[in-house]
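# A structural walkthrough
Each chain is listed here by its residues.
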Amino acid sequence: MINLKALVTGASSGIGLYISNELLNLGYDLFVVARDKKKLEKIYAKKKNVTIISLDLEDKDNCYKLYEMLKDKDIDILVNNAGFGDAGKFVDTSLKKEVDMIHLNVISYHVLMKLFLRDFVKRNRGRILNVASM
């Protein structure tokens, strides 16, 4: 039996945690990514077939690093889920926070999608789910 493999970013809470649990229930081997390694270890410590990866994907170089770590693992599904939002009057919100948000929510999604999609096309299989929420 071939085990399907999924990569889930932002897997330590919210939608990413939910998707990870659903994929585990379906029998997938998981590669879970988030910044907080201790939180990932607490959540997934007793789960089988889970590889924990602690990276801050706000830094696009870490997206390339993640791809290099996993490019030979035959990932079947990329769940691009890491992200955050902000609220308030545009004039009052933090420019730094907004730029960080763009790096994570747009640039990192794009980099990971492009890198893994190329492999999916070569293998003629693979799926990508880009998650956005409010």
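Attention here is on the structure that accompanies the text. Please read these numbers as outputs of a predicted model, since none were measured by experiment.

## A few points about the overall build of the protein chain
Looking only at helices and strands, one finds four helices and five strands in the protein chain. For 134 residues, the compact-globule estimate of 2.2 N^0.38 gives 14 Å, and the C-alpha radius of gyration of the protein chain, at 15 Å, lies within 12% of that figure. Considered along the principal axes of its C-alpha atoms, the protein chain spans approximately 55 × 35 × 25 Å. Considering the protein chain as a whole, with its 134 residues, one finds that 40% of them fall into the buried category. Of the roughly 8500 Å² of accessible surface on the protein chain, 55% is carried by carbon and sulfur atoms. Separation between the mean location of the 22 positive side-chain charges and that of the 17 negative ones in the protein chain comes to 4 Å.

## Some thoughts on the pairing of strand β5 (residues 127–130)
As paired strands, strand β4 (residues 77–80) and β5 are joined by four bridges and run parallel to one another. Within β5, the position partnered with Leu78 by the bridge is Ile128. Read from β4 through helix α4 (residues 95–123) to β5, the crossover connection turns out right-handed.

## Focus on helix α3 (residues 60–70)
Within the sequence span of α3, burial applies to Asn62, Cys63, Leu66, Tyr67 and Leu70. The arc enclosing the buried residues of α3, seen along the axis, measures out at 145°, which places them on a common side. For α3, the capping residue at the N-terminal end is Asp59, with a side-chain oxygen 2.9 Å from the backbone nitrogen of Asp61.

## Some words on the pairing of strand β1 (residues 5–9)
Buried residues dominate β1, accounting for four of its five residues. Direction of pairing for β1 relative to strand β2 (residues 29–34): parallel, over a ladder of five bridges. The residue of β2 that forms the bridge with Thr9 is Val33. One crossover worth recording links β1 to the parallel β2 by way of helix α1 (residues 14–25), and it is right-handed. Pairing between β1 and β4: three bridges, direction parallel. Looking at β4, one finds that Leu7 is bridged to Leu78.

Conventions used here
Residues numbered from 1 in each chain as written. Predicted model: local features only at pLDDT ≥ 70, side-chain atom pairs only at ≥ 80, totals over all residues. Heavy atoms only, no water. Helix = DSSP H or I, 4+ residues; strand = E, 2+ residues; numbered from the N terminus. Rg over C-alpha atoms; globule rule 2.2 N^0.38 Å. Buried < 20%, exposed > 50% of the residue type's maximum accessible area, 1.4 Å probe, protein only. Areas by Shrake-Rupley, 256 points an atom, 1.4 Å probe, with all protein chains shown as cover. Lys, Arg positive; Asp, Glu negative; His and termini not counted. Charge placed at Lys NZ, Arg CZ, Asp CG, Glu CD. Pairing = 2+ DSSP bridges. Right-handed = clockwise from strand over helix to strand, strands pointing away. Arc of directions from axis to C-beta. Polar contact = N/O pair within 3.5 Å; in protein donor to acceptor, adjacent residues only side chain to side chain.

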